[in-house]
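This is what each chain is made of:
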Amino acid sequence: MPSLFSAEEFVSTLLKLGMTHVVWVPDSDFGPWESALQASRLKLVRVCREGEAWPLAAGLYLGGASPLILMQTTGLFESGDALRNVLFDLGLPLLAVVGARNWLAADSSTPISKDTARKFAQPILQAWGVNFTLIESPEQKPRLADHFRACQSSAEAGIVLLAEGTG
């Protein structure tokens, strides 16, 4: 299933929120957004590992930019220490969209739906105390802008878990 957002919707939302950069490791759902991201005034910054995204976004933020981090849940897990350092030790109000891998897999008997990335995503964010919201359906798409505006207003970090997979 394609992402809940079209590339154009996503880019438009980021621009309305004042984002200047997208720091990412594209996954199968976000990868198709690359052309729209590149065609926009957003600066697209690719990293090799998700653990590099948090400090790179931190540097951009400290330099006056408004970066968004874009990764998949498995990358979120891999980057936990960098997230902890940047969000909590440094207290930076970075924003991220995390593709919730296989979230929409409807049939629990298929191997893809047994992917533990879904099982651990919310509990890990709750344990870290990160302000997050989940978007699972097209009707919930306004949550992305609403959540990020609230985080920007309160100068706190925020994550949007964006459901991916077949649904």
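Scroll up a little and you will see the structure.
To keep things clear, this report deals only with the structure shown in the data block. (Residues numbered from 1 in each chain as written. Predicted model: local features only at pLDDT ≥ 70, side-chain atom pairs only at ≥ 80, totals over all residues. Heavy atoms only, no water.)

## Let's talk about the side chain of S137
When you line up the elements, S137 lands in the loop between strand 5 (132–135) and helix 7 (142–154). With relative accessibility at 18%, the residue S137 sits in the buried group. Among the polar contacts listed, one links the side chain of S137 to the side chain of E139, at a separation of 3.0 Å. (Helix = DSSP H or I, 4+ residues; strand = E, 2+ residues; numbered from the N terminus. Buried < 20%, exposed > 50% of the residue type's maximum accessible area, 1.4 Å probe, protein only. Polar contact = N/O pair within 3.5 Å; in protein donor to acceptor, adjacent residues only side chain to side chain.)

## Considerations on unusual backbone geometry
Positive phi outside glycine occurs at A155, with the angle close to 55°. Topologically, A155 is positioned in the loop between helix 7 and strand 6 (158–163).

## With respect to the packing of helix 3 (residues 50–62) against helix 5 (residues 80–89)
Look at helix 3 against helix 5: their axes get within 7 Å of each other, and the N-to-C directions meet at 20°. The orientation of helix 3 with respect to helix 5, classified from their angle, is roughly parallel. Judged by the sense of rotation from one axis to the other, the crossing of helix 3 with helix 5 is left-handed. On the side of helix 3, the interface is formed by G51, W54, P55 and A58, while helix 5 contributes A82, L83, V86 and L87. Here the contact of helix 3 with helix 5 is built from residues that sort into 7 nonpolar, 1 polar and no charged. (Axes fitted to C-alpha atoms, helices over the stretch in contact; angles between N-to-C directions. Parallel < 35°, antiparallel > 145°, perpendicular 65-115°, else oblique. Left-handed = near helix turned anticlockwise from the far one by under 90°. Contact = heavy atoms within 4.5 Å. Nonpolar A, V, L, I, M, F, W, Y, C, P; charged D, E, K, R; others polar.)

## Points about the sheet that holds strand 3 (residues 67–72)
The strand order across the open sheet built from 6 strands is 2-1-3-4-6-5, with neighbouring strands paired in parallel fashion. Either end of the sheet is taken by a strand with one partner, and the two such strands are strand 2 (43–46) and strand 5. Averaged over all neighbouring strand pairs, the angle between strand axes comes to 20°, with direction disregarded. Both strand 1 (residues 21–24) and strand 2 contribute to a ladder of 4 bridges, which runs parallel. Of the residues in strand 2, the one forming a bridge with H21 is K43. Packing against the sheet, helix 7 makes contact with strand 3, strand 4 (95–100), strand 5 and strand 6, and its axis sits at approximately 170° to strand 6. (Pairing = 2+ DSSP bridges.)

## Thoughts on the pattern of salt bridges
Under the definition given, this model contains 5 salt bridges. The shortest N-O distance in the salt bridge between E34 and R46 comes to 2.3 Å. With a gap of 12 residues between them, E34 in helix 2 (residues 34–39) and R46 in strand 2 connect regions that are remote in the sequence. The shortest N-O distance in the salt bridge between R84 and D89 comes to 2.7 Å. Residue class for R84 comes out partly exposed when judged on its relative accessible area of 33%. Within the structure, one salt-bridge network assembled from shared partners comprises D81, R84 and D89. (Salt bridge = Lys/Arg side-chain N within 4 Å of Asp/Glu carboxyl O.)

## Brief notes about the environment of P93
As for its position among the elements, P93 is in the loop between helix 5 and strand 4. Linking P93 and S66, residues 27 residues apart in sequence, is a C-alpha distance of 9.9 Å.

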